[in-house]
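Secondary and tertiary structure notes
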Amino acid sequence: MNPVTCAARVAGKPVSIKEIDEREAALRAGNRASALPRPGTSEGRQLRRWLTQLAVAERVVTDEAAARGLSGHDAPGPDEVLPDTAARLEIGSVAAATLGTPPARAVFAAVTAAVEVSDVEVAAYHARNPLRFASTGSGPHGWRGRPVAPSLDQVHHRIAAYLRAAARRQAFRLWLDAQCAALVELAPGYEHPGDPRQPDNTHKH
């Protein structure tokens, strides 16, 4: 690997430092530029490492879509895969960012197609969270009444869908992590931000 021009390789194919420079420049030209760390600082180098993680993860997903012949024509929509902020936090910022295109979401659908949840898991969730899908009625003067816990039968399908979606996000994140570990080689200075061996990692135990 040539550290002068190459930040990483994905399955032997280079990800240029120029690409990382361009990604950083685009961020710094945006409306959140004032929140970004100054270039050349420890935090600035960590930002570049994160951008490298994003670049290689996107390359992994793009290559997988090409290998599977997935155009994204029948891919789920963005809100189906990542319906809210909690889902984005759950899957992680890099994995979430890779799912912005239809081919990437088609990969998500393909690699998580076999994920299911059991009736036992649904029942256990309902027992722990009886009011999770409760409804509240309105009183005669507009006051909302107390929520009424629905029966398991009433909300089984909603709980199953909720748990299945969470399990699919977890499965995709684990798949992406494994693919990156197998296919990605990072240059010195472009290590994972959380790698304890790189000098800018400040997360200590």
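Residues numbered from 1 in each chain as written. Predicted model: local features only at pLDDT ≥ 70, side-chain atom pairs only at ≥ 80, totals over all residues. Heavy atoms only, no water.

An unreviewed UniProt entry lists the protein chain under the name Malonyl CoA-ACP transacylase, with Mycolicibacterium alvei as the source organism.

**Quick look at the pattern of salt bridges**
Under the counting rule described, the total for this entry stands at 14 salt bridges. In this structure, the salt-bridge partner of Glu 90 is Arg 169, at a minimum N-O distance of 2.6 Å. With a gap of 79 residues between them, Glu 90 in helix H4 (residues 85-91) and Arg 169 in helix H8 (residues 152-183) connect regions that are remote in the sequence. The shortest N-O distance in the salt bridge between Glu 116 and Arg 164 comes to 3.1 Å. (Salt bridge = Lys/Arg side-chain N within 4 Å of Asp/Glu carboxyl O. Helix = DSSP H or I, 4+ residues; strand = E, 2+ residues; numbered from the N terminus.)

**Structural notes on the pairing of strand E2 (residues 13-16)**
By the bridge criterion, four bridges tie strand E1 (residues 6-10) to E2 in an arrangement that is antiparallel. Following the sheet pairing, Arg 9 is matched in E2 by Pro 14. A loop of two residues connects E1 with E2, the two strands running antiparallel in sequence, and Ala 11 in this loop sits at a positive phi of about 55°. (Pairing = 2+ DSSP bridges.)

**A short note on the nonpolar core**
Core analysis: the largest hydrophobic core is formed by 31 residues, its most contacted members being Phe 172 and Leu 176. When residues of this core are traced back to their parent elements, those giving at least two are E1, helix H1 (17-28), helix H2 (42-68), H4, helix H5 (93-98), helix H6 (102-111) and H8. Of the residues forming this core, the biggest block, eight residues, is contributed by H2. Here Leu 176 is in contact with Ala 57, Val 60, Val 61, Ala 95 and Thr 98, once residues within four sequence places are set aside. Counting residues in each nonpolar core, the second largest holds eight residues, with Val 117, Tyr 125, Phe 133 and Ile 159 among its members. (Core = buried A, V, L, I, M, F, W, Y, C linked by side-chain atoms within 4.5 Å. Buried < 20%, exposed > 50% of the residue type's maximum accessible area, 1.4 Å probe, protein only. Contact = heavy atoms within 4.5 Å.)

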